[in-house]
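Descriptive analysis of the structure
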Amino acid sequence: MTTRMAVLGAGSWGTAFAMILADAGSRVTLWGRRPEVVDAVNRTHTNPDYFPGIALPAGITATVDPAAAVADAEFVVLAVPSQTLRANLAAWAPRIGPQTVLVSLMKGVELGTAKLMSEVIAEVTGADRDRIAVVSGPNLAPEIVRREPAACVVACRDETVAERLQLACHTAYYRPYTNVDVVGCEVGGAAKNVIGLAVGIAEGMELGDNTKASLITRGLAETARLGLAMGADPLTFAGLAGMGDLVATCSSPLSRNHTFGANLGRGMTVAETIAATRQTAEGVTSCRSVLDLARRHRIDMPIAQMVVDVVHDGKPPQVVVKELMSRSAKPERR
Ligand SMILES: NC(=O)C1=CN([C@@H]2O[C@H](COP(=O)(O)OP(=O)(O)OC[C@H]3O[C@@H](n4cnc5c(N)ncnc54)[C@H](O)[C@@H]3O)[C@@H](O)[C@H]2O)C=CC1
Ligand SMILES: O=C(CO)COP(=O)(O)O
């Protein structure tokens, strides 16, 4: 029987993931806020705002009505900006069935509460952790909609649920691996956006590959340190949701976080950079909540701190680089 999927959020990743699900054989209803986007998906099978010229599969229909989207859905896939999840989900939750699996595509940490997206989902819907899943990994949406090969991690505490979702999103170009480490995948996804900003800043300052590789590696070290303190499996950080996503974000001009950082490193102000960024660069807000999370777990994250200093406290990138390099000497693994 054909699986019924709802994807809530018709932006870049919601649209690309809906394409994956439809290509894998599901019937997909895509919820969008804007009637003109929904109309374009239904009439022309395209989402011209995000992916002009890309034909979407016929198995996708769109709606502005969240109740119509989630009715009878086996999986409800959440693809809105992290900081909007709580308010959006509070409105959608009464319509979502008690057996429905809730899937987070989001890579952020809630500001103020320092909660992971799976925690926000559990809190707002009351859903058991066994039916909350996360998809993460090196998945730049503009490459996915061109059906270029990529892999991802599908994580759920209940492995059989992860396997159902794996089957539902497995296509010739998209290869999902299961994992039960939801926390590790979420920490990896949120922190890589922050490290991506740092690497972008370095690139904008015309610093070279040694600098970028050092930031990526030490960025992964501080991410893993936080994840371990939260009970994550250390090996998750060597996988697609850790190293994999970090490499994609830190090396690609398609990454919004990387590009945001590069603009700052080149000397644009934060306000100018925000004005130039049309889509969601999660790390810009989440650098503060990731740092908050780290403080709550008494973990030192000097690179995330440097990003907060530049993005929110107006410190010049040249100053934070000097500060990072003049920290006291320490062993690599502590
Ligand atoms: N774009 C990508 O390549 C990938 C994105 N992600 C994650 O997916 C999540 C969604 O990102 P994108 O789809 O890229 O963002 P986007 O900015 O392209 O789209 C966000 C969508 O959410 C909708 N939305 C609903 N309520 C909103 C509100 N209150 N305020 C603003 N927008 C609202 C917007 O209309 C828009 O359609 C983020 O957490 C991101 O980190 C994860 C993997 C890949
Ligand atoms: O998460 C992503 C790739 O895996 C997308 O990265 P950006 O949000 O920086 O574009």
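A quick note: this is a predicted structure, and the numbers were derived from the prediction, not measured. (Residues numbered from 1 in each chain as written. Chains lettered and ligands numbered in written order. Predicted model: local features only at pLDDT ≥ 70, side-chain atom pairs only at ≥ 80, totals over all residues. Heavy atoms only, no water.)

1. What about the UniProt feature "binding site: substrate" (unreviewed entry) in the protein chain?
- Residues annotated by UniProt as "binding site: substrate" (unreviewed entry) correspond here to K107, R256 and N257. In sequence the annotated residues extend across 151 residues, while in space they remain close, none of their C-alpha pairs exceeding 12.6 Å.
- When you line up the elements, K107 lands in the loop between β5 (101-104) and α5 (117-125).
- Residues within four places of K107 in sequence aside, it is in contact with S82, S136, G137, G189, A190, K192, N193, D245 and E282.
- A distance of 3.0 Å separates a polar side-chain atom of K107 from the backbone oxygen of G137.
- Relative to the helices and strands, R256 resides in helix α11 (residues 256-265).
- Discounting chain neighbours no more than four positions away, the residues touching R256 are S12, Q279, T280 and A281. (UniProt positions renumbered as here; feature names shortened; annotations may be inferred. Helix = DSSP H or I, 4+ residues; strand = E, 2+ residues; numbered from the N terminus. Contact = heavy atoms within 4.5 Å. Polar contact = N/O pair within 3.5 Å; in protein donor to acceptor, adjacent residues only side chain to side chain.)

2. Section: the pairing of strand β2 (residues 27-31)
- Buried residues dominate β2, accounting for 4 of its 5 residues.
- Two strands pair when backbone bridges link them, and strand β1 (residues 4-8) and β2 are joined in this way by 5 bridges, in the parallel orientation. Each residue of the ladder has a partner; that of L8, found in β2, is W31.
- At this point the chain moves from β1, through helix α1 (residues 12-23), to the parallel β2, and the crossover so formed is right-handed.
- In this sheet, strand β3 (residues 60-63) lies alongside β2 in parallel orientation, the contact comprising 4 bridges. Bridging across to β3, L30 finds its partner in A62. (Buried < 20%, exposed > 50% of the residue type's maximum accessible area, 1.4 Å probe, protein only. Pairing = 2+ DSSP bridges. Right-handed = clockwise from strand over helix to strand, strands pointing away.)

3. Remarks on the site of ligand 2
- Neighbouring residues of ligand 2: K107, G137, P138, N139, L140, K192, N193, D245, L254, S255, R256 and N257.
- Between S255 and ligand 2, the recorded distance is 2.7 Å, taken from a side-chain N or O atom to an oxygen atom.
- When ligand 2 is considered free in solution it has 310 Å² of accessible area, and contact with the protein chains removes 92% of it.
- Looking at side-chain class alone, the shell around ligand 2 contains 3 nonpolar, 5 polar and 4 charged residues.
- Two domains each provide a minimum of three residues to the shell around ligand 2, namely domain 1 (4-180) and domain 2 (187-325). (Near = heavy atom within 4 Å. Areas by Shrake-Rupley, 256 points an atom, 1.4 Å probe, with all protein chains shown as cover. Nonpolar A, V, L, I, M, F, W, Y, C, P; charged D, E, K, R; others polar. Domains from an automatic or database assignment.)

4. Focus on the nonpolar core
- Ranked by size, the top nonpolar core spans 43 residues in total, and within it W13, F17, V103, V135 and Y174 carry the most contacts.
- It is α1 that contributes the most residues to this core, 8 residues altogether.
- Sequence-distant contacts of W13, that is, excluding residues within four places in its chain, are made with I20, L105, N139, A141, I144 and Y174.
- Membership of the second largest hydrophobic core comes to 42 residues, among which are V194, A202, M205 and L291. (Core = buried A, V, L, I, M, F, W, Y, C linked by side-chain atoms within 4.5 Å.)

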